[in-house]
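A structural walkthrough
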Amino acid sequence: MKKVSIGSWAYVFGAFADDPVLLPQLCEKLNELGFDGISMGGFKPHANPELYDTPEKREELKQLLQKYNLEVADFACDLWSLDSLKQPEEWIALFGKNAEFASQMGFKTIRVDSGTEPVLPEGMTYEQARAKIVDNFKRIAKIAQKYGLEVVWEFEPGFMINEPNYIVETYEAVNEPNFSILFDTCHGYMSAVMGARHIEPNKLEGGLVEFIEMLKGKIGLVHVIDSDGTLNVANTSTHAPFGLGKVDFDEAIPALLEKADYKGDWWAIDLCEWPDAWNVTADCKAFVDGFNKKYCG
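Note on placement: Thr 238 falls in strand 9 (residues 237-240). If we skip the residues at most four places from it in the chain, Thr 238 touches Cys 186, Asp 226, Ser 227, Asp 228, Thr 230, Leu 231, Asn 232 and Trp 274.

Okay, structure coming up:
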């Protein structure tokens, strides 16, 4: 059986932006529902290094997680104030601050995206943009190595490099031992099946399963959630609760385990920007428990 977590950012963004669920209340609920851990957002008011800026505050956060028996599956650092193509040095420096924080907190895996929307800057080709993103990824992976951290890259329609062929190409070009792909089933569907916000079209005839097979040995973490084939108000994948979308998890989960050889410890639920995330959390946990027992039990 794999352990189950859920992204804390689901209770900060979208409908929760003006009234976020604070970590103590969230951790209590997750413990009651039997979660093994939390996928921790580095977004205010959650585990942001600027908020937890002293050893005392960081110790309080550690104690909160211990109180509710929650491990941290992954830490999503907040780099969204910067553009990785237009401000690469600042973006990398901010990653470094987050990596230091993650290390001090005892987190093991740090999540990033490519750091720029899928729109080419003026005067730059897609090949040049991808090469720069590869360079950025190599540099942050080396920073993370100093702290003993794994880096997982989450591709999605909201950020550049979301075509299956270029995702594989980018992973191979980075070629760092602590760098792998974070495969989100919803983003995977939008990429392989819908071709959402591709700069160069690359939909796959074999859909999600073909994409998963392309990523054999390359996936470090899996986020699970459904997809209804649409983009949300943030112009990225709509993370629909299980059963409200088009992903066939009786195909996707065995493919991840057998065709992609996913050996990670976690299934991380991601309800990012779903307006009723709080009220569907228990149902999502039950759904994941079901396929976890069926395929990993």
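Right, picking up where we left off after that structure.
Turning our attention to the pattern of salt bridges. This model, assessed by the stated rule, comprises 15 salt bridges. Its salt-bridge partner being Lys 57, residue Asp 53 comes within 3.1 Å of it at the nearest N-O pair. Residues Lys 263 and Asp 261 are paired through a salt bridge, measuring 3.0 Å at the closest nitrogen-oxygen approach. The class of Lys 263 is exposed, set by a relative accessible area of 65%. Overall, the relative accessible area of 32% leaves Asp 261 in the partly exposed class. Salt bridges sharing common partners tie together Arg 111, Asp 113, Glu 154 and Glu 156.

Note on soluble globular proteins: their nonpolar side chains tend to be buried together. Grouped together as the largest cluster of nonpolar side chains are 100 residues, with contacts concentrated most on Phe 95, Trp 267, Ile 269 and Leu 271. It is helix 4 (residues 126-146) that provides the largest number of residues to this core, a total of nine residues. The contact partners of Leu 271, leaving out residues within four places of it in the chain, are Ile 6, Ala 10, Tyr 11, Ile 225, His 239, Pro 241, Ala 277, Val 280, Thr 281 and Cys 284. Grouped together as the second largest cluster of nonpolar side chains are six residues, Trp 9, Val 12, Phe 43 and Cys 272 included.

Time to look at the packing of aromatic side chains. Two measures describe an aromatic ring pair: the distance that separates the ring centres and the angle between the ring planes. Within this structure, the stated rule accounts for 23 aromatic pairs. Geometrically, the ring pair formed by Trp 80 and Phe 159 is tilted, given 6.1 Å between the ring centres and 40° between the ring planes. One end of the pair, Trp 80, is in the loop between strand 3 (71-76) and helix 3 (88-105); the other, Phe 159, is in the loop between strand 5 (150-154) and helix 5 (164-174), with 79 residues separating them in the sequence. Given the relative accessible area of 43%, Trp 80 is considered partly exposed. According to the relative accessible area criterion, Phe 159 is buried, its value standing at 15%. Centroid distance Phe 183 to Phe 211: 5.6 Å. Interplanar angle 70°. Geometry classified as edge-to-face. Of this pair, Phe 183 sits in strand 6 (residues 179-184) while Phe 211 is found in helix 7 (residues 207-214), placing the two residues 28 residues apart along the sequence. Residue class for Phe 183 comes out buried when judged on its relative accessible area of 0%. Its guanidinium or amino end placed over the ring of Trp 278, Lys 29 lies 4.4 Å from that ring's centre, counting from NZ or CZ. For Lys 285, the ring lying beneath its charged end belongs to Phe 35, and the centroid distance is 5.5 Å.

About the cut-offs
- Residues numbered from 1 in each chain as written.
- Predicted model: local features only at pLDDT ≥ 70, side-chain atom pairs only at ≥ 80, totals over all residues.
- Heavy atoms only, no water.
- Helix = DSSP H or I, 4+ residues; strand = E, 2+ residues; numbered from the N terminus.
- Contact = heavy atoms within 4.5 Å.
- Salt bridge = Lys/Arg side-chain N within 4 Å of Asp/Glu carboxyl O.
- Buried < 20%, exposed > 50% of the residue type's maximum accessible area, 1.4 Å probe, protein only.
- Core = buried A, V, L, I, M, F, W, Y, C linked by side-chain atoms within 4.5 Å.
- Phe/Tyr/Trp six-rings, centres within 6.5 Å; stacked < 30°, edge-to-face > 60°.
- Lys NZ or Arg CZ within 6 Å of the ring centre and 35° of its normal.

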